[in-house]
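Tertiary structure, described
One letter stands for each residue in the lines below.
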Amino acid sequence: MAASKREDASFLNIKRLHPQPTLGLSAMKHRAIPFRKALQAFLLLMLMAPGYGEATSYTFTEIAGPSAFHSVDSPAINANGTVAFTAGLNPLGDQGVFTGNGGPLITIATSNLNFLNFAGPSINDAGTVAFKATLHPSLGSTTYGIFTGNGGSLTTVINIDSNTGSVGIPSINNAATVAFPKDSSSSFSGIVTSSGGVLTTIADNSVISSRGFGDAPSINNLGTVSFQEFFLEIQMP
């Protein structure tokens, strides 16, 4: 029973790891004895590679675990080691978005009269988090939104009613530009960025062969966006 509980706790923890070269090759060989045949090729490659005399071990920093939350999910980390993640607050389904670096956590957003659940946080080096939220249904429709925040007031990037479209998982860069997929039932769907309240279409499915886009684009600090697009296969006669 103790082993089972340990596995559950490990699954629920969000940890940050730090590489530390500490082990020599002899220690690697000692640990590899039960898997000697399977690892022969790997060890040969290690001998051929620069710095083969050192392996890498890790230390771990616990960001969040079962002592604080019912569940944790979707971690994202910035260059300063701050982690953003979603968490289940209780068995009733209440959720939240939080950040942490091993000390006290910062609450970005939680389920309340407005928010129902959250998905896909992204964090920049200033600690600003972008996330998708589902708002409580009203008059038979659901509203999806993209929001940003760093522990204070939230900024609304976009709200869209489920009767007219939806949004996907956002990505934020250090200039606070947010990239995300946007679907619309009344116009073209595509990949959009938001900066200072201005929406810019990066790509859309106005091309007849385009079938849509993946759910999670990524934006770098230069403002370049990578994304997945699906195309209709056209067979020539």
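A short tour of the structure in this document, coming up.

How each quantity is defined
- Residues numbered from 1 in each chain as written.
- Predicted model: local features only at pLDDT ≥ 70, side-chain atom pairs only at ≥ 80, totals over all residues.
- Heavy atoms only, no water.
- Helix = DSSP H or I, 4+ residues; strand = E, 2+ residues; numbered from the N terminus.
- Buried < 20%, exposed > 50% of the residue type's maximum accessible area, 1.4 Å probe, protein only.
- Contact = heavy atoms within 4.5 Å.
- Pairing = 2+ DSSP bridges.
- Phe/Tyr/Trp six-rings, centres within 6.5 Å; stacked < 30°, edge-to-face > 60°.
- Axes fitted to C-alpha atoms, helices over the stretch in contact; angles between N-to-C directions.
- Core = buried A, V, L, I, M, F, W, Y, C linked by side-chain atoms within 4.5 Å.
- Polar contact = N/O pair within 3.5 Å; in protein donor to acceptor, adjacent residues only side chain to side chain.

As for the overall build of the protein chain
Tallying secondary structure elements over the protein chain gives 3 helices and 19 strands in all. Every one of the 237 residues in the protein chain was classed for burial, and the buried ones make up 38%. Sequence separation of at least 24 residues holds for 36% of the intrachain contacts in the protein chain that already meet a minimum separation of 6.

Side note on the pairing of strand S13 (residues 178–184)
Successive side chains on a regular strand alternate, one facing one side of the sheet and the next facing the other. Judged by how many residues are buried, S13 sits mostly within the fold: 5 of 7 residues are covered. The hairpin turn running from strand S12 (residues 171–172) into S13, its antiparallel successor, is 5 residues long, and Ala176 in that turn takes a positive phi close to 65°. With 5 bridges joining them, S13 and strand S14 (residues 190–195) adopt antiparallel strand pairing. The residue bridging Val178 from the neighbouring strand is Ser194, located in S14.

Regarding the side chain of Thr134
Its place among the elements puts Thr134 in strand S8 (residues 129–135). Every residue in contact with Thr134, bar those within four places of it in the chain, is listed here: Asn114, Phe115, Leu116, Asn117, Thr142, Thr143 and Tyr144.

Looking at the packing of aromatic side chains
Going through the model one piece at a time under the given rule, you end up with 8 aromatic pairs. With a centroid separation of 5.9 Å and 25° between ring planes, the pair formed by Phe131 and Phe147 is classed as stacked. One end of the pair, Phe131, is in strand S8; the other, Phe147, is in strand S9 (residues 143–149), with 16 residues separating them in the sequence. In this pair, the class of Phe131 matches that of Phe147, namely buried.

Description of the sheet that holds S8
Spatially, 4 strands are ordered S7-S8-S9-S10 in an open sheet, and the strand pairing comes out antiparallel. Both outer strands of the open sheet, strand S7 (115–123) and strand S10 (155–161), are each paired with one neighbouring strand and no more. The mean angle between the axes of side-by-side strands here comes to 20°, regardless of whether they run parallel or antiparallel.

So, the sheet that holds strand S6 (residues 106–110)
Here 4 strands make up an open sheet; going across it, the order is S3-S4-S5-S6 and the pairing antiparallel. Both outer strands of the open sheet, strand S3 (71–77) and S6, are each paired with one neighbouring strand and no more. The mean angle between the axes of side-by-side strands here comes to 20°, regardless of whether they run parallel or antiparallel. Direction of pairing for strand S5 (residues 95–100) relative to S6: antiparallel, over a ladder of 4 bridges. What sits directly across from Gly96, in S6, is Thr110.

Some details on the environment of Ser153
Secondary-structure assignment places Ser153 in the loop between S9 and S10. A sequence separation of 44 residues divides Ser153 from Ala109, and the C-alpha atoms of the two residues are 9.3 Å apart.

Overview of the nonpolar core
Grouped burial of nonpolar side chains is what soluble globular proteins tend to show. Within the largest apolar cluster, 13 residues are counted, with the highest numbers of intra-cluster contacts made by Val97, Phe115, Phe118, Val129, Phe131, Ala133 and Phe147. At the level of elements, S6, S7 and S8 are the ones that each hand at least two residues to this core. Here the element with the most residues in this core is S8; it accounts for 4 residues. In contact with Phe118, not counting residues within four places along its chain, are Thr86, Gln95, Gly96, Val97, Ala109, Thr110, Ser111, Phe131, Lys132 and Ala133. Listed in part, the 10 residues of the second largest apolar core include Ala130, Ile146, Ile158 and Val192.

Some remarks on the pairing of S10
The pairing of S9 with S10 spans 6 bridges and is antiparallel. Among the inter-strand pairings, Thr143 is bridged to a residue of S10, identified as Asp161. Counting the residues in the hairpin turn of S9 and S10 gives 5 residues, including Gly151, whose phi is positive at 120°.

Here's the deal with unusual backbone geometry
Phi angles above zero are rare outside glycine, and Ser74 is one such case at about 55°. In this structure, Ala176 takes a positive phi of about 65° despite not being glycine. With respect to the secondary-structure elements, Ala176 resides in the loop between S12 and S13.

Focus on the side chain of Ser111
Tracing the backbone through its elements, the reader meets Ser111 in the loop between S6 and S7. In terms of polar contacts, Ser111 uses its side chain to reach the backbone amide nitrogen of Gln95, at 2.8 Å. There is a polar contact of 3.3 Å between the side chain of Ser111 and the backbone oxygen of Leu116.

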